[in-house]
Amino acid sequence: IQLTQSPSLLSASVGDRVTLSCKGSQNINNYLAWYQQKLGEAPKLLIYKTNSLQTGIPSRFSGSGSGTDYTLTISSLHSEDLATYYCYQYNNGLTFGSGTKLEIK
Amino acid sequence: EIQLQESGPGLVKPSQSLSLTCSVTGYTITSGYDWSWIRKFPGNKMEWMGYISYSGSTNYNPSLKSRISITRDTSKNQFFLQLNSVTTEDTATYYCARYNNVFDYWGQGVMVTVSS
């Protein structure tokens, strides 16, 4: 399954509501996770099984979606959310999206 | 706390083998889960390479199956990646991670450049 993320680059202001998109080439059956990777750090698991928040992740992060279309939402952007965000599917093989780089205006 | 740490040479010549070690602390790799290698290419594409299970069985990405081997040393709580016949296209940052349908614990990564 191939994953297409959009946009590839997003610029937003602190306090904004931000939505990142991930679209699969086939049905993912909700086996979709989201990772945050800050510069020089390892990826961090944010969300698994579409909408389950990983322990320790702030509640401003949430996930939704079904079928082939999934979304990561940051309800109120913080400056420390500057990072690249990847979706990842584990329904059929294990594949990652190409990432959305989130910049702070 | 579970921690993973990659180690290995940062420069490998084309046609040679790339060998990396992942040292795990805070969890015994034979107790459960699968232990995986993932790489991130310049330009940000990420690729799952394969894993070794707590029982020692392996599962590889079909695109690498002819070149990859993942093994372990249970006495040292380490697992290893060997990638044969490397080319410049294998230049990437290599991560080890614990796999439980998702990758929940990761090492910091090691950058490997394939160049003569």
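Everything discussed here concerns the structure shown above.
This structure is a prediction, so every number in the text was calculated from the model and none was measured. (Residues numbered from 1 in each chain as written. Chains lettered and ligands numbered in written order. Predicted model: local features only at pLDDT ≥ 70, side-chain atom pairs only at ≥ 80, totals over all residues. Heavy atoms only, no water.)

S.K.: How would you summarise the state of the cysteines if you had to cite specific residues and measurements?
M.R.: Within this structure, the stated rule accounts for two disulfides over all chains. Paired by a disulfide, Cys22 of chain A and Cys87 of chain A hold their sulfur atoms 2.0 Å apart. Every disulfide takes its handedness from the sign of the S-S torsion; for Cys22 of chain A and Cys87 of chain A that torsion is 75 degrees, giving right-handed. Residue Cys22 of chain A is found in strand S3 (residues 18–24), and its partner Cys87 of chain A is found in strand S9 (residues 83–89); the two are separated by 65 residues along the sequence. Each member of the pair, Cys22 of chain A as well as Cys87 of chain A, carries the same accessibility label: buried. Disulfide pairing places Cys22 of chain B opposite Cys96 of chain B at an S-S distance of 2.1 Å. The disulfide joining Cys22 of chain B to Cys96 of chain B has a torsion of about 65 degrees about its S-S bond and is therefore right-handed. Of the two residues, Cys22 of chain B sits in strand S3 (residues 18–25) while Cys96 of chain B sits in strand S9 (residues 92–100), which places them 74 residues apart along the sequence. In terms of burial, Cys22 of chain B and Cys96 of chain B fall into one category: buried. (Disulfide = S-S within 2.5 Å. Helix = DSSP H or I, 4+ residues; strand = E, 2+ residues; numbered from the N terminus. Buried < 20%, exposed > 50% of the residue type's maximum accessible area, 1.4 Å probe, protein only.)

S.K.: Can you break down the sheet that holds strand S7 (residues 61–66) of chain A residue by residue, with the values?
M.R.: Residues and elements named next belong to chain A. Spatially, S1-S3-S8-S7 is the arrangement adopted by the four strands of the open sheet, whose pairing is antiparallel. Either end of the sheet is taken by a strand with one partner, and the two such strands are strand S1 (3–6) and S7. Along the sheet, successive strands turn relative to each other by an average axial angle of 20 degrees, direction set aside. Pairing between S1 and S3: four bridges, direction antiparallel. Note that in S3 the partner of Thr4 across the bridge is Lys23. (Pairing = 2+ DSSP bridges. Axes fitted to C-alpha atoms, helices over the stretch in contact; angles between N-to-C directions.)

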